[in-house]
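Chain residues, written in single-letter form:
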Amino acid sequence: MSTYEVRRFAAHGLTLVGDVGGPENAPTVVLMHGGGQTRHSWAGTMDRLVAHGYHVINLDARGHGESDWAPDGNYHPSEQARDLWAVLKTVRRPVALVGASMGGMTAFHAIGSSATPIADALVMVDIVLKPAPAGADRIKAFMGAYPNGFATVEEAADAVATYYPERPRPKNIGGLRKNLRLREDGRFRWHWDPRILDMGQRAEPPGPFETMSTLAPNVTLPTMLVRGGKSDVVDDEGVADMLRLVPQTEVFEVPGAGHMVAGDMNDPFSAGVIAFLERHLPTGI
């Protein structure tokens with residue numbers, strides 16, 4: 001990964017941290033990771049986007065990575081949308097929002113609930129308005145499975161390999177260290193606030209995905225859905241529902257990739273995203 005400027009953004013009482021690279025006067029791409037990840041999950045894609053001439057902001061969401069945790073534990077998509085609005089006030093358009101899973105929900109909420117246009121293109125990475133329940137439940141179960149953390153980084157790598165057996169266990173697990181915090185008790189825990197698991201959960205509707213559906217008529221900008229060919233989160237029913245509610249959506253499938261599309265198959269993923277962006281936010285390169 002290249003070296004980028006680490007920048008801090010004020011977001012109504014919290015500070016968000018992000019990597020920033022590429023020419024300031026170029027079209028901007030904001031990258032937003034999934035729940036339980038950090039901005040480092042976009043490393044390869046950010047390099048490709050900057051090399052292609054884009055100005056890129058790669059954010060740690062509230063409660064993740066180096067960004068502040070919410071004192072009240074509020075990680076609802078509407079709050080994360082407000083964070084994004086604050087970041088977007090620091091850049092000029094045209095702007096594309098690229099969000100994986102939770103990050104895609106944030107982008108969709110921000111666009112759909114804004115009184116004025118805030119972006120010019122949207123890329124939803126393996127997230128739809130009606131995710132497959134089994135895949136969503138599997139993610140939540142994994143995120144909540146290790147409340148006491150790990151004795152070593154190797155233990156954490158073993159846990160990831162068990163959860164995601166389709167992806168070969170990396171020989172060098174140093175990159176995983178960026179997703180862990182060494183606590184005072186000497187154990188490693190994931191680099192995110194465990195209260196994120198309560199994000200938007202309610203005993204009665206509307207829940208976060210029902211809210212996304214009600215916002216869909218306001219999302220009229222060019223949109224692409226990137227679907228992992230082996231994803232258990234985005235199924236055919238979810239794609240059909242997305243196309244019904246957001247009819248301008250283009251679907252780009254990455255064969256062989258699971259829910260973590262950018263990490264599984266970064267080269268075809270990045271190429272597909274750049275091709276879409278070049279049609280709607282060309283850099284001239």
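The structure under discussion appears in the preceding block.
Position numbers for residues start from 1 in each chain and track the written sequence from start to end. Predicted model: local features are reported for residues with pLDDT of at least 70 only, side-chain atom pairs are reported and counted for 80 or more only, and whole-chain, interface and lining totals are derived from all residues. Values shown for side chains rest on all heavy atoms present in the structure; no hydrogens or waters enter the calculation.

(A) Spotlight on the pattern of salt bridges. Every case where a carboxyl oxygen of Asp or Glu lies within 4 Å of a side-chain nitrogen of Lys or Arg is listed as a salt bridge. One pass over the full model with this rule turns up 17 salt bridges. Where Arg82 meets Glu79, a salt bridge forms, and the shortest distance between an N and an O atom there is 3.4 Å. Here Arg82 pairs with Glu79, and both are found in helix α2 (residues 77-88), just three residues apart, close to one helical turn. Between Asp120 and Arg93 there is a salt bridge, with its nearest N and O atoms 2.8 Å apart. Here Arg93 lies in the loop between α2 and β5 (95-100) and Asp120 lies in the loop between α3 (102-113) and β6 (121-125), a separation of 27 residues in the sequence. Only protein chains enter the area calculation, which uses a 1.4 Å probe; residues under 20% of their type maximum are buried, those over 50% are exposed, and those in between are partly exposed. Arg93 gets classed as partly exposed once you look at its relative accessible area, which sits at 41%. Connected via shared salt-bridge partners are Asp19, Arg39, Asp60 and Glu66. Numbered from the N terminus, helices here are DSSP runs of H or I no shorter than four residues, and strands are runs of E no shorter than two.

(B) Inspection of the packing of helix α1 (residues 43-51) against helix α9 (residues 266-280) at higher detail. For the pair α1 and α9, the least separation of the axes is 10 Å and the interaxial angle reads 40°. Accordingly, the angle class assigned to the pair α1 and α9 is oblique. Crossing of α1 against α9: the hand is right-handed. Taking contact as the criterion, the partners of Gly44, Thr45, Arg48 and Leu49 in α1 are, on α9, Asn266, Asp267, Phe269, Ser270, Ala271, Ile274 and Leu277. Partitioning the contact of α1 with α9 into residue classes produces five nonpolar, four polar and two charged. Angular values range over 0 to 180 degrees, each being the angle between N-to-C directions of two axes fitted as lines to C-alpha atoms, with helices fitted over their stretch in contact. Should an angle fall under 35 degrees it is called roughly parallel, over 145 degrees roughly antiparallel, and 65 to 115 degrees roughly perpendicular, with every other angle called oblique. In a left-handed crossing the near helix is turned counterclockwise from the far helix by less than a right angle, and in a right-handed crossing that turn is clockwise. Any two residues having at least one pair of non-hydrogen atoms within 4.5 Å are treated as being in contact. We call Asp, Glu, Lys and Arg charged. Ala, Val, Leu, Ile, Met, Phe, Trp, Tyr, Cys and Pro are nonpolar, and the rest, Gly among them, are polar.

(C) Examining the packing of α2 against α3 more closely. Running from amino to carboxyl end, α2 crosses α3 at an angle of 75°, the nearest separation of the two axes being 8 Å. It follows that α2 is roughly perpendicular to α3 by the angle criterion. On α3, the residues touching Pro77, Ser78, Gln80, Ala81, Leu84 and Trp85 of α2 are Met102, Met105, Thr106, Ala107, His109, Ala110 and Ser113.

(D) Here's a closer look at α3. Taking 1.5 Å as the rise per residue, α3 with twelve residues should run 16 Å; its terminal C-alpha atoms sit 16 Å apart, in good agreement. Taken across its twelve residues, α3 has eleven buried, putting it largely inside the fold. Residues Met102, Gly103, Gly104, Met105, Thr106, Ala107, Phe108, His109, Ala110, Ile111 and Gly112 constitute the buried set of α3. Of the surrounding secondary structure, the elements contacted by the buried residues of α3 are β3 (28-32), α2, β5, β6, α6 (208-215) and α7 (236-245). By this rule, a helix spans an expected 1.5 Å times one less than how many residues it contains.

(E) Just empty space enclosed by the protein, in detail. Site definitions follow a grid-based scheme: protein atoms alone, a 1 Å grid, a 1.4 Å probe that fits but cannot get out for cavities, and for pockets an open set with protein on both sides within 12 Å along at least five of seven lines, plus lining residues having an atom within 4 Å of a point. Grid points are joined across faces, edges and corners, and a volume is the space filled by probe spheres set on the points. Applying the stated criterion across every chain, the model contains one cavity of 30 Å³ or more. Looking at the largest cavity, its volume works out to about 120 Å³. Met32, Leu59, Ala61, Gln80 and Thr106 are, among the 13 residues lining the largest cavity, the residues nearest its centre. Every element with two or more residues in the lining of the largest cavity is listed here: α2 and α3. In the lining of the largest cavity, the residues fall into six nonpolar, four polar and three charged.

(F) Main features of the environment of Pro23. Positionally, Pro23 belongs in the loop between β2 (14-21) and β3. When neighbours within four sequence positions are excluded, Pro23 is seen to be in contact with Gly53, Tyr54 and His55.

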